[in-house]
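# Topology and contacts: notes
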Amino acid sequence: MAIKSVILASALIVCVYGRVFTYLRPLEYQPSPTLIHAQPKLAYDLHHQIPEDEHVDYYAYPKYVFKYGVNDFHTGDIKTHHESRDGDVVKGQYSVVEPDGSIRTVDYTADKHSGFNAVVHKTSPISAHEAAHLHHIH
């Protein structure tokens, strides 16, 4: 008789918990999207207004400095470049080692009054004798 009571009580508990869990789960099961099939959802707030007392700087003062260089002796790609800008004035220089060994250097400036101006300098390639002489000095 005790076994019947335990089985009946267990069945009653399972039914009650099953009904409770029915109310706790979502009405329609929707599997979570995988990364492969997930589509980005873009929402735009078309009613966003900037308060009139909030200042928005649409024009930031342009000021920067950069410099880089490549020194790949395997491919022969040797060059440098640096540039600075302060407002409407841009100044810079770049140099490139040409295939014949000469070096082309360009100094440039640009502003709203003079436009773009570049001065090109080219050094002649050094001979094997000069290269050997420089190698022994250093």
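As the structure is a computational prediction, the values presented were derived from the model and not from experiment.

Conventions used here
- Residues numbered from 1 in each chain as written.
- Predicted model: local features only at pLDDT ≥ 70, side-chain atom pairs only at ≥ 80, totals over all residues.
- Heavy atoms only, no water.
- Pairing = 2+ DSSP bridges.
- Helix = DSSP H or I, 4+ residues; strand = E, 2+ residues; numbered from the N terminus.
- Axes fitted to C-alpha atoms, helices over the stretch in contact; angles between N-to-C directions.
- Contact = heavy atoms within 4.5 Å.
- Polar contact = N/O pair within 3.5 Å; in protein donor to acceptor, adjacent residues only side chain to side chain.
- Salt bridge = Lys/Arg side-chain N within 4 Å of Asp/Glu carboxyl O.
- Buried < 20%, exposed > 50% of the residue type's maximum accessible area, 1.4 Å probe, protein only.

Hydrogen bonds between backbone groups are what pair the strands of a sheet, and the pairing can be parallel or antiparallel. A sheet is described by the order of its strands in space; here five strands give the open sequence β1-β2-β3-β4-β5, paired in antiparallel fashion. Looking at the sheet topology across the chains shown, the edges are occupied by β1 (63-72) and β5 (115-123). For this sheet the average axis-to-axis angle between neighbouring strands, irrespective of direction, equals 10 degrees. By the bridge criterion, 10 bridges tie β1 to strand β2 (residues 77-86) in an arrangement that is antiparallel. Bridge pairing in β2 links Lys63 to Asp86.

Looking now at the environment of Lys122. Examined against the element boundaries, Lys122 turns out to sit in strand β5. Each C-alpha atom of the pair Lys122 and Ser95 lies 9.3 Å from the other, and the pair is 27 residues apart in sequence. For Lys122, the residues in contact, after removing those within four places along its chain, are Glu98, Ser102, Ile103 and Arg104.

This part takes up the side chain of Ser95. By the element assignment, Ser95 lies in strand β3 (residues 89-97). At 2.7 Å, the side chain of Ser95 forms a polar contact with the side chain of Thr80. Setting aside anything within four residues of it in sequence, one finds Ser95 in contact with Ile78, Lys79, Thr80, Ile103, Arg104 and Thr105.

A separate point is the pattern of salt bridges. In this structure the tally under the stated criterion is three salt bridges. Of the charged contacts, one joins Lys112 and Asp88 as a salt bridge, the two residues approaching to 3.9 Å between their closest N and O atoms. Placement of Lys112 in the loop between β4 (103-111) and β5 and of Asp88 in the loop between β2 and β3 is noted, with a sequence separation of 24 residues between them. We classify Lys112 as exposed; its relative accessible area is 63%.

On their own, these measurements won't tell you what the molecule is for.
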